[in-house]
Amino acid sequence: MGGWKLEVGKIAMYVTFPVIMFYYFNQPALFEEWVVKTKREIYPPDNPEKRKALEESFRLSREKNAVSADDLV
């Protein structure tokens, strides 16, 4: 078989590979742009015009569906 040198080489590979991958993939500079872009897609900045239109839509819907006290009797 390979002997002790092969076994030492395999153990070194088993130990160093995950450590190197952990180090590489935990660099914040590599993923900062991607994280910010994804966050902005999921949670877009608040637009005052859209917010006002949405509130107006809610108000109109509430007025349309409001039940007055006279309608209940």
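So, how was this worked out
Residues numbered from 1 in each chain as written. Predicted model: local features only at pLDDT ≥ 70, side-chain atom pairs only at ≥ 80, totals over all residues. Heavy atoms only, no water. UniProt positions renumbered as here; feature names shortened; annotations may be inferred. Phe/Tyr/Trp six-rings, centres within 6.5 Å; stacked < 30°, edge-to-face > 60°. Buried < 20%, exposed > 50% of the residue type's maximum accessible area, 1.4 Å probe, protein only. pLDDT = per-residue confidence, 0-100. Helix = DSSP H or I, 4+ residues; strand = E, 2+ residues; numbered from the N terminus. Polar contact = N/O pair within 3.5 Å; in protein donor to acceptor, adjacent residues only side chain to side chain. Salt bridge = Lys/Arg side-chain N within 4 Å of Asp/Glu carboxyl O.

As recorded by an unreviewed UniProt entry, the protein carries the name Protein PET100 homolog, mitochondrial and is attributed to Dendroctonus ponderosae. According to its UniProt record, the protein has this under Sequence similarities (unreviewed entry): "Belongs to the PET100 family."

**Q** What is the right way to look at the packing of aromatic side chains in this model?
**A** For any pair of aromatic rings, the description consists of the separation of the ring centres together with the inter-plane angle of the planes. Per the counting criterion, the structure on display carries 1 aromatic pair. On the numbers, 4.9 Å between centres and 80 degrees between planes, the contact of Tyr24 with Phe25 is edge-to-face. A relative accessible area of 44% means that Tyr24 is categorised as partly exposed. Accessibility expressed as a relative area gives 46% for Phe25, which makes it partly exposed.

**Q** Please clarify how the confidence of the model for the protein should be interpreted in this entry.
**A** As a general rule, the predicted coordinates of low-pLDDT regions are not to be interpreted in detail. In the predicted model, the protein carries a mean pLDDT of 87, and 89% of its residues have values of at least 70. Helix α1 (residues 4-25) holds the highest mean pLDDT among the elements of the protein, 94, whereas helix α4 (residues 69-72) holds the lowest, 58.

**Q** Honestly, the environment of Thr16 in this entry has me stumped. Any pointers?
**A** Counting through the fold element by element, Thr16 comes out in helix α1. Among the residues examined, Thr16 registers a relative accessible area of 37% and is labelled partly exposed. At 2.7 Å, the side chain of Thr16 forms a polar contact with the backbone oxygen of Ala12.

**Q** In this structure, what is going on with the pattern of salt bridges? I would like to understand it.
**A** Close approach of charged atoms lets side chains of opposite charge pair. Summed over all chains, the structure comprises 5 salt bridges. Residue Lys10 pairs with Glu7 through a salt bridge whose shortest N-O separation is 3.4 Å. Here Glu7 and Lys10 lie together in helix α1, a separation of 3 residues that amounts to about one turn. Residue Glu7 is classed as partly exposed on the basis of its relative accessible area, which comes to 41%. Ionic pairing is found between Glu55 and Arg51, a salt bridge with its closest N-O pair at 4.0 Å.

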